[in-house]
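One-letter residues, chain by chain:
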Amino acid sequence: MSLPAKKAIQVDDSITHYVYKMLNHEMILKYDESKCIECGFCHRVCPVTVSIYDEPLKKTAIGTPEEMRIESDKKIVVDTEKCIWCGSCTWICPGYTLELLINGENKILLVENGSLPEFEEEVRTLDDGRKVRKVVDGSITITCNEKDTKIIDRYVDECSVEAMSRDGKDIIVDKDKCILCFKCSEAAKNYDNIEVKVFRDRFKKVKGEPSSVWNGIMLRVTGVEGKIKGIMSRSQNKLADAVIRLMGKELEEKEDT
Ligand code: SF4
Ligand code: SF4
């Protein structure tokens, strides 16, 4: 009997496979860095964490090297010791950067068993050919008191979906292009005279009736800046437990058939 094995395999310059292998069951979380827009949704949706809003403990199974406190020159890294291969990051990824392969098949059990709803696709192609989709609705406000246009230009370049531009000393956001991600608000921490508020009010166009795990995930993604009221809050560990239970149930059902 082979023991479970977890490892990261660098397939080429851009693609990394994060592999979990047990007996004849193999799960691969595939990350293609060339498509990654560094939006930060994967880090927020990952159910494995201590507490994402508690700065000293801020860590999930996926995120930037800085968020994960892992030395790497990649945009995003996965901690294979923590990852449960649930596919939540794959499900939300606006950049089609992540894929979950279960025994070679591209699928997410949590979507198949109805725990996570499907997004209705609304794909946009960026100038460089990358595909991107919007997963939340909401709004963004940017207050710019910076007078140095070079600094403003540098800040505008932080947006990897070409949604920001400079008009004199103002920053303009194209609402049709903006995906309400975490990139510019995180970057603004390094700019003294620029302040950003992003409100992620709701998930965009979803199909299906989500389970209560969905509520927990919704809260995680909309976060303290969200305006959603009255949704159920779960502790992070309970959320991870619920996800594992849902996946376990699915695997048991498969073994019974
Ligand atoms: S959600 Fe996808 S595109 Fe966004 S940072 Fe994570 S891997 Fe990159
Ligand atoms: S402008 Fe919108 S898409 Fe661009 S980094 Fe900010 S939130 Fe993300």
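Before reading further, recall that the structure is shown in the block above.
What you are looking at is a predicted structure, and each value in this text was computed from that prediction instead of being measured. (Residues numbered from 1 in each chain as written. Chains lettered and ligands numbered in written order. Predicted model: local features only at pLDDT ≥ 70, side-chain atom pairs only at ≥ 80, totals over all residues. Heavy atoms only, no water.)

Caption draft 1: Structural context of the pairing of strand E13 (residues 170-173). Residue alternation in E13 divides its side chains into a buried set, Ile171 and Val173, and an unburied set, Asp170 and Ile172. Bridging between strand E12 (residues 164-167) and E13 involves four bridges; their strand directions are antiparallel. Bridged to methionine 164 within E13 is valine 173. Between the end of E12 and the start of E13, which pair antiparallel, lie two residues, with glycine 168 showing a positive phi angle near 65 degrees. (Buried < 20%, exposed > 50% of the residue type's maximum accessible area, 1.4 Å probe, protein only. Helix = DSSP H or I, 4+ residues; strand = E, 2+ residues; numbered from the N terminus. Pairing = 2+ DSSP bridges.)

Caption draft 2: Structural context of the pattern of salt bridges. Under the counting rule described, the total for this entry stands at eight salt bridges. The shortest N-O distance in the salt bridge between glutamate 186 and arginine 44 comes to 3.3 Å. Separated by 142 residues along the polypeptide, glutamate 186 in helix H6 (residues 183-187) and arginine 44 in helix H1 (residues 41-45) bring together distant segments of the chain. Assessed through its relative accessible area of 28%, glutamate 186 is described here as partly exposed. Salt bridges sharing partners connect three or more residues here, namely Arg44, Glu67, Glu186 and Lys189. (Salt bridge = Lys/Arg side-chain N within 4 Å of Asp/Glu carboxyl O.)

Caption draft 3: Structural view of the site of ligand 1. Close contacts around ligand 1 come from Tyr31, Cys36, Ile37, Glu38, Cys39, Gly40, Cys42, Ile76, Cys93, Pro94, Thr97 and Leu98, and that covers them all. Residues belonging to the shell around ligand 1 are distributed by class as follows: nine nonpolar, two polar and one charged. (Near = heavy atom within 4 Å. Nonpolar A, V, L, I, M, F, W, Y, C, P; charged D, E, K, R; others polar.)

Caption draft 4: Structural view of the side chain of serine 160. Tracing the sequence through the fold places serine 160 in the loop between helix H5 (149-156) and E12. Of note is the side chain of serine 160, whose polar atom sits 2.5 Å from the backbone oxygen of isoleucine 37. (Polar contact = N/O pair within 3.5 Å; in protein donor to acceptor, adjacent residues only side chain to side chain.)

Caption draft 5: Main features of the environment of serine 14. Relative to the helices and strands, serine 14 is located in the loop between strand E1 (5-10) and strand E2 (15-22). For serine 14, a relative accessible area of 17% puts it in the buried group. Taking the C-alpha atoms as reference points, serine 14 and alanine 163, 149 residues apart in sequence, are found 25 Å from one another. In contact with serine 14, not counting residues within four places along its chain, are Tyr31, Asp32, Glu33 and Ser34. A polar contact is formed between the side chain of serine 14 and the side chain of aspartate 32, at a distance of 2.5 Å. (Contact = heavy atoms within 4.5 Å.)

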